[in-house]
Amino acid sequence: MRKSQPLVYLTLLVAIGLSAFPLYWLFVVATRSNDIVGDWPPPLLPGGNLGDNVSRLFAAEDAHFLLGMANSAFASVTVTVAVVFFSSLAGFAFAKLKFRGRNGLLLVILATMMIPVQMGIIPLYMIMVELGWQNRMQAVIVPALVSAFGVFLMRQYAERAVPDELIEAAKVDGCSTFRIFWTIVLPALRPGAAVLGLFTFMGTWNEFLWPLAVLEADNPTVQFSLSQLSTTYYTDYTLMFAGALVATVPLLLVFLAFGRQIIGGIMEGAVKA
């Protein structure tokens, strides 16, 4: 095999450095005091104030940061499980089942992806008011239980990953449609479901606009809590950076826990194909 050129490694190192530097700078500021915010050149080494900043973060009465972390964790896990399940089920139906209006219904689902999210906030908020769900986590979770992008992604994956002959053989053996999905189709969709689950978890965890509209400051999500750390007259940058650092940790843990499974599942699907 041809040896890789040094320029390739240099390009990869530069790309990694540019991608990782914002996270490193976030960590540096979170470990220092506000005195270094306007320093030039900026310090590049961590300080010793991380513990104090994190303590002040969880002690901030207006932010309710610990509650925000718990609410975001609950919402992210619930939405991720629901989106992966319903998207896989709908993707299997659109890819392998024959029924009247299948293509037209798929086009309607795809059309919803073209509508900006901001246009739906007011009517969706009015629905939440009618249901009495203001300042409740149901208002954050229920509208996100199904994803049009997830349906499209799993439909495309099921189209190629699941052979028609396998489904026909299961039907000959007397399997019901749901049993075919649960025992045959869903395991084959595992790589695509892992990618969809990771994207859904990250998107739900980082969601800010809709929780800001439907929740109040005493029952926030983590991104809402971060916005409460900044006041009109004064901004404690080290406190905000410490909050952003703590809020990033769950995302890193999820990626480290499931990233290898995602890559391994993709490689397994490629070998099977």
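Structure shown above.
Residues numbered from 1 in each chain as written. Predicted model: local features only at pLDDT ≥ 70, side-chain atom pairs only at ≥ 80, totals over all residues. Heavy atoms only, no water.

1. Some remarks on the overall build of the chain
Line of reasoning, step 1. A count of helices and strands for the chain gives 13 helices and zero strands.
Line of reasoning, step 2. Taking the principal axes of its C-alpha atoms as reference, the chain extends roughly 70 × 65 × 30 Å.
Line of reasoning, step 3. In the chain, which comprises 273 residues, the proportion classed as buried is 33%.
Line of reasoning, step 4. The long-range fraction of contacts in the chain, counting pairs at least 24 apart against all pairs at least 6 apart in sequence, stands at 73%.
Line of reasoning, step 5. Put simply, the chain shows about 16,800 Å² of open surface, and 68% of that area lies on carbon and sulfur atoms.
Line of reasoning, step 6. Put simply, the chain has 16 plus and 16 minus side-chain charges, and the middle of one group is 18 Å from the middle of the other. (Helix = DSSP H or I, 4+ residues; strand = E, 2+ residues; numbered from the N terminus. Buried < 20%, exposed > 50% of the residue type's maximum accessible area, 1.4 Å probe, protein only. Contact = heavy atoms within 4.5 Å. Areas by Shrake-Rupley, 256 points an atom, 1.4 Å probe, with all protein chains shown as cover. Lys, Arg positive; Asp, Glu negative; His and termini not counted. Charge placed at Lys NZ, Arg CZ, Asp CG, Glu CD.)

2. Thoughts on unusual backbone geometry
Note: most residues except glycine have negative phi, and most peptide bonds are trans.
Line of reasoning, step 1. Not every positive phi belongs to a glycine, and His 64 is a case in point at roughly 50°.
Line of reasoning, step 2. Within the secondary structure, His 64 is located in the loop between α2 (50-59) and α3 (65-96).

3. Let's talk about the layout of surface pockets
Line of reasoning, step 1. For the largest pocket, the calculated volume is near 1,100 Å³.
Line of reasoning, step 2. Forming the walls of the largest pocket are 26 residues, and the residues nearest its centre are Val 117, Pro 143, Ala 144, Val 146 and Ser 147.
Line of reasoning, step 3. Listing elements by their share of the lining of the largest pocket, those giving two or more residues are α3, α4 (102-112), α5 (121-131), α7 (148-161) and α10 (190-205).
Line of reasoning, step 4. It is α10 that contributes the most residues to the lining of the largest pocket, five residues altogether. (1 Å grid on protein atoms, 1.4 Å probe; cavity = no way out; pocket = protein on both sides within 12 Å on 5 of 7 lines; lining within 4 Å. Points joined across faces, edges and corners; volume = space filled by probe spheres on them.)

4. Observations regarding the side chain of Ser 225
Line of reasoning, step 1. Within the fold, Ser 225 resides in helix α12 (residues 222-228).
Line of reasoning, step 2. Ser 225 gets classed as buried once you look at its relative accessible area, which sits at 0%.
Line of reasoning, step 3. Here the side chain of Ser 225 touches Ala 63 through a polar contact of 3.0 Å, landing on its backbone oxygen.
Line of reasoning, step 4. Those residues in contact with Ser 225 that sit more than four places away from it in its chain are Ala 63, His 64, Phe 65, Gly 68 and Pro 220. (Polar contact = N/O pair within 3.5 Å; in protein donor to acceptor, adjacent residues only side chain to side chain.)

5. Considerations on α4
Line of reasoning, step 1. Those residues of α4 that sit buried are Arg 102, Leu 106 and Ile 109. Down the axis of α4, the buried side of the element spans an arc of 60°, and every buried residue falls inside it. The exposed residues of α4 that point more than 90 degrees off its buried face are Asn 103, Leu 107 and Val 108.
Line of reasoning, step 2. Buried residues along α4 sit against α3 and α7. (Arc of directions from axis to C-beta.)

6. Quick look at the packing of α3 against α4
Line of reasoning, step 1. Packing of α3 against α4 brings their axes to within 10 Å, and their N-to-C directions diverge by 140°. In terms of orientation, α3 lies oblique with respect to α4. As for how α3 packs across α4, the hand of that crossing is left-handed. Facing Ala 93, Phe 94 and Ala 95 of α3, the residues of α4 in contact are Arg 102, Leu 105, Leu 106 and Ile 109.
Line of reasoning, step 2. Residue composition of the contact of α3 with α4, grouped by class: six nonpolar, no polar and one charged. (Axes fitted to C-alpha atoms, helices over the stretch in contact; angles between N-to-C directions. Parallel < 35°, antiparallel > 145°, perpendicular 65-115°, else oblique. Left-handed = near helix turned anticlockwise from the far one by under 90°. Nonpolar A, V, L, I, M, F, W, Y, C, P; charged D, E, K, R; others polar.)

7. A look at the pattern of salt bridges
Line of reasoning, step 1. Applying the stated criterion across every chain yields a total of two salt bridges.
Line of reasoning, step 2. A salt bridge links Arg 56 to Asp 52, with the nearest nitrogen and oxygen atoms 3.7 Å apart. Here Arg 56 and its partner Asp 52 are both found in helix α2, four residues apart, which amounts to about one turn of the helix. (Salt bridge = Lys/Arg side-chain N within 4 Å of Asp/Glu carboxyl O.)

8. Description of a nonpolar patch on the surface
Line of reasoning, step 1. Nonpolar side chains collect at one region of the surface, where Phe 21, Tyr 24, Phe 27, Leu 44 and Leu 45 lie side by side and expose about 480 Å² of accessible area between them.
Line of reasoning, step 2. Among the structural elements, Leu 44 can be located in the loop between α1 (6-30) and α2.
Line of reasoning, step 3. A relative accessible area of 48% places Leu 44 in the partly exposed class. (Patch = residues over 30% accessible without salt bridge, like charges linked within 9 Å, V, L, I, M, F, W, Y side chains within 5 Å.)

9. A closer look at the packing of aromatic side chains
Line of reasoning, step 1. Within the structure shown, the criterion is met by eight aromatic pairs.
Line of reasoning, step 2. For the pair Phe 94 and Phe 99, a centre-to-centre distance of 6.1 Å together with 50° between the ring planes defines the contact as tilted.
Line of reasoning, step 3. The class of Phe 99 is partly exposed, set by a relative accessible area of 34%.
Line of reasoning, step 4. Three or more aromatic residues joined by ring pairs form one cluster here, namely Phe 85, Phe 86, Phe 92, Phe 178, Phe 181 and Trp 182. (Phe/Tyr/Trp six-rings, centres within 6.5 Å; stacked < 30°, edge-to-face > 60°.)

10. Brief notes about empty space enclosed by the protein
Line of reasoning, step 1. Per the stated rule, a full pass over the model turns up one cavity of 30 Å³ or more.
Line of reasoning, step 2. The computed volume of the largest cavity comes to approximately 40 Å³.
Line of reasoning, step 3. For the lining of the largest cavity, a count of residues per class yields three nonpolar, three polar and one charged.

11. Quick notes on the side chain of Asn 135
Line of reasoning, step 1. Locating Asn 135 in the fold gives a position in the loop between α5 and α6 (138-141).
Line of reasoning, step 2. Once you skip the residues sitting within four places of it in the chain, Asn 135 turns out to touch Val 214, Leu 215, Glu 216, Asp 218 and Asn 219.

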